Amino acid sequence: MSSELLKQVRVLNPMDGRDQVADVLIIDGYITAIESQIYDYPEHTQIIDSHGMILGPGLVDMYGHTGEPGFEDRETIASLQAAARAGGYTRLGILPDMLPPADNLSTIKHWQGLAPHGFYVWGALTEGAAGEMMTELAELATTEIIGFADGYAHRNLNLWRRVLEYVNPLKKNVALYCCDRTLADSGVMRFGEASIYSGLTGIPDYAETVAIAAVLELVAAIGTPVHIMRVSTARGVQLIREAKQRHLPITASTTWMHLLFDTEAITGRVSDCGLGFAPTPYDPNLNVDPPLGNPDDRQALIQAIVDGTIDAIAVDHTPYTYEEKTVAFADAPPGAIGLELALSLLWKTFVQQPDTVFNIQWSPLQLWRVLSTQPAQCLAISPPNVTVNRAAELTLFDPAQSWRVDHTTIKSRSANTPCWGQEMTGKVMKTWLS
């Protein structure tokens, strides 16, 4: 029998609004007691002094990427699992753009045979996730996929219409990335003062909002619930807020990178970003898709977390090798890793101290809600819950623990993050997943 007693830990549970300091007893992977003081526990129990630490439900990431199969030099399933656990994540949604892609029964079943507990795969909406022809949606729906998503922006609105019509009776999640690639053209950062200053080709915000508006019209007409991925613009937030006021069946997420960085970080015209460090100007690891927004976009996203317009924060973990990312900013493939960094930086920036630029502060429960409970609800799965007589699916986080982002601490196989080499405050000390 294994037994652990966490003494005087701050327990956060968005499911019932709990925020209290208590003792927590875990026996054989189950939470057996949560009390102000626990004196009765088995002999040989491991006692963990947890003063100042946070114990919350395991974190849930709605979508991200693995390298395996096909790109094991970027990430393997084992390294992805290690990175997730090190960052406090107990459940991951994996996008279907592996090689071969998860657009057929054999690939999905093979991947699910490899996947550890808590990993879910999205079935591709289109063959090869290429946006040209629908997959056999009804056939794929017979598997244990979490839902349908390509993870890429497509131009064919008629295809999207047909997809939503076909998926409706299947009762599976649908996640869409909204961006009009014809309007984005060859841009590599959000259009605005910073893009003009940098000389980099800008992507206008309406490349996103035209696509969001089209999807909202389709949802209104067809009625299929949709999750809108990677919202990155102030106008996009406004459209989603208005759609929710009309009670359309939609949810939405943004990524941790879009909440912490903006175009000012790319050009180096900020000294801190509120993180305690400033990224290297034109760091290729700041090239993400969609591009980082202008400061007003970031402010709108931060506020949208507070008022509930944005339901969840995704990591969108996107590993690339050193060789792939060590190129000019405009030539770098978009994406960054983040499973081991998101909680630490979001806690420091929005909970521990108000955002230094916009003076917006979240409560600890607000942050945990959008990293754990609400992402699970968007995926239509039962959220992790810190309650007695339930299997322990928990994250123990020390907001005061210092550590350095380097190869000794990062479990991901890739290192493509603007935080590499930086000193962090706040670290996940242990993750339970029974």
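Along each chain, the written sequence defines residue order, and numbers are assigned to residues from 1. Reporting in this predicted model follows two pLDDT cut-offs: at least 70 for local features of residues, and 80 or more for side-chain atom pairs to be given and counted; totals over whole chains, interfaces and linings ignore these cut-offs and use all residues. Just so you know, side-chain values use all the structure's heavy atoms and leave hydrogens and water out.

## Considerations on the pattern of salt bridges
Just to be clear on terms, a salt bridge is a Lys or Arg side-chain nitrogen sitting within 4 Å of an Asp or Glu carboxyl oxygen. Overall, the coordinates contain 16 salt bridges when judged by the stated rule. When the shortest N-O distance is used, the salt bridge between Arg 10 and Asp 19 registers 2.8 Å. We classify Arg 10 as partly exposed; its relative accessible area is 29%. Here the term buried applies to any residue with accessible area under 20% of the maximum for its type, exposed to any over 50%, and partly exposed to those in between, with areas from a 1.4 Å probe on protein chains only. Here Asp 19 falls in the partly exposed class, since its relative accessible area comes to 34%. Notably, a salt bridge pairs Glu 165 with Arg 161, separated by 3.1 Å at the nearest N-O pair. Of this pair, Glu 165 and Arg 161 both sit in helix 4 (residues 157-167), separated by four residues, roughly a single helical turn. Residue classification places Glu 165 among the partly exposed residues on the basis of a relative accessible area of 37%. By sharing partners, the salt bridges in this structure join Glu 193, Glu 264 and Arg 269 into a single network. Runs of E in the DSSP output that reach at least two residues are strands. Runs of H or I that reach at least four are helices, and both are numbered from the N terminus.

## Re the sheet that holds strand 9 (residues 147-149)
Strand pairs in the sheet, formed through backbone hydrogen bonds, run parallel or antiparallel to each other. Pairing within the open sheet is parallel, and its eight strands lie in the order 6-7-8-9-10-13-14-15. Unpaired on one side and paired on the other, strand 6 (59-64) and strand 15 (312-314) mark the two borders of the sheet. Between one strand axis and the next, the sheet turns by 30° as a mean value, whatever way the strands run. Between any two strands, pairing holds if DSSP finds at least two bridges. Across three bridges, strand 9 lies against strand 10 (residues 173-177) in parallel orientation. Across the sheet, residue Phe 148 finds its bridge partner in strand 10, namely Val 174. Of the strands in this sheet, strand 7 (89-94) and strand 8 (119-123) touch helix 2 (residues 105-114), which is tilted by about 170° from strand 8. Docked against the sheet, helix 8 (residues 234-245) engages strand 13 (226-229) and strand 14 (250-255), running at close to 155° with respect to strand 14. With axes taken as lines fitted to C-alpha atoms, and helix axes fitted only over the stretch in contact, angles between N-to-C directions fall between 0 and 180 degrees. By definition, residues are in contact when any of their heavy atoms lie within 4.5 Å.

## Quick look at the UniProt feature "domain: Dihydroorotase catalytic" (unreviewed entry) in the chain
Those residues carrying the UniProt feature "domain: Dihydroorotase catalytic" (unreviewed entry) are residues 53-233 in this numbering. End C-alpha atoms of residues 53-233 are separated by 34 Å, and the span's content is 34% helix alongside 20% strand. UniProt positions are given in the numbering used here, feature names are shortened, and annotations may be inferred rather than shown by experiment.

## As for the packing of helix 4 against helix 7 (residues 206-222)
The geometry of helix 4 relative to helix 7 is characterised by a closest axis approach of 10 Å and an angle of 35° between their N-to-C directions. By crossing handedness, the relation of helix 4 to helix 7 is classed as right-handed. Facing Leu 157, Trp 160, Arg 161, Leu 164 and Glu 165 of helix 4, the residues of helix 7 in contact are Ala 211, Ala 214, Val 215, Leu 218 and Ile 222. Gly falls in the polar group here, along with every residue not listed as nonpolar (Ala, Val, Leu, Ile, Met, Phe, Trp, Tyr, Cys, Pro) or charged (Asp, Glu, Lys, Arg). Looking at the contact of helix 4 with helix 7, its residues break down into eight nonpolar, no polar and two charged. Each crossing is labelled by how the near helix is turned from the far one, with a counterclockwise turn of less than a right angle marking it left-handed and a clockwise turn marking it right-handed.

## Details of the nonpolar core
Trp 256, Ile 313 and Leu 346 are the most contacted members of the largest nonpolar core, which has 98 residues in total. If you tally residues by element for this core, the top one is helix 13 (residues 342-352), at seven residues. In this structure Ile 313 touches Thr 254, Thr 255, Trp 256, Leu 259, Ile 305, Leu 346, Trp 362, Leu 367, Val 370 and Leu 371, once residues within four positions along its chain are discounted. Counting 21 residues, the second-largest nonpolar core is a separate cluster that includes Tyr 63, Ala 175, Ala 184 and Ala 376. What is meant by a nonpolar core is a set of buried Ala, Val, Leu, Ile, Met, Phe, Trp, Tyr and Cys residues, joined one to another through side-chain atoms within 4.5 Å.

## Section: the pairing of strand 17 (residues 393-404)
Of the strand pairs in this sheet, strand 5 (residues 54-57) and strand 17 are connected by four bridges, and their pairing is antiparallel. Within the sheet, the bridge partner assigned to Ile 54 lies in strand 17 and is Phe 397. Across nine bridges, strand 17 lies against strand 18 (residues 423-433) in antiparallel orientation. From the neighbouring strand, Phe 397 faces strand 18, where its bridge partner is Val 428.

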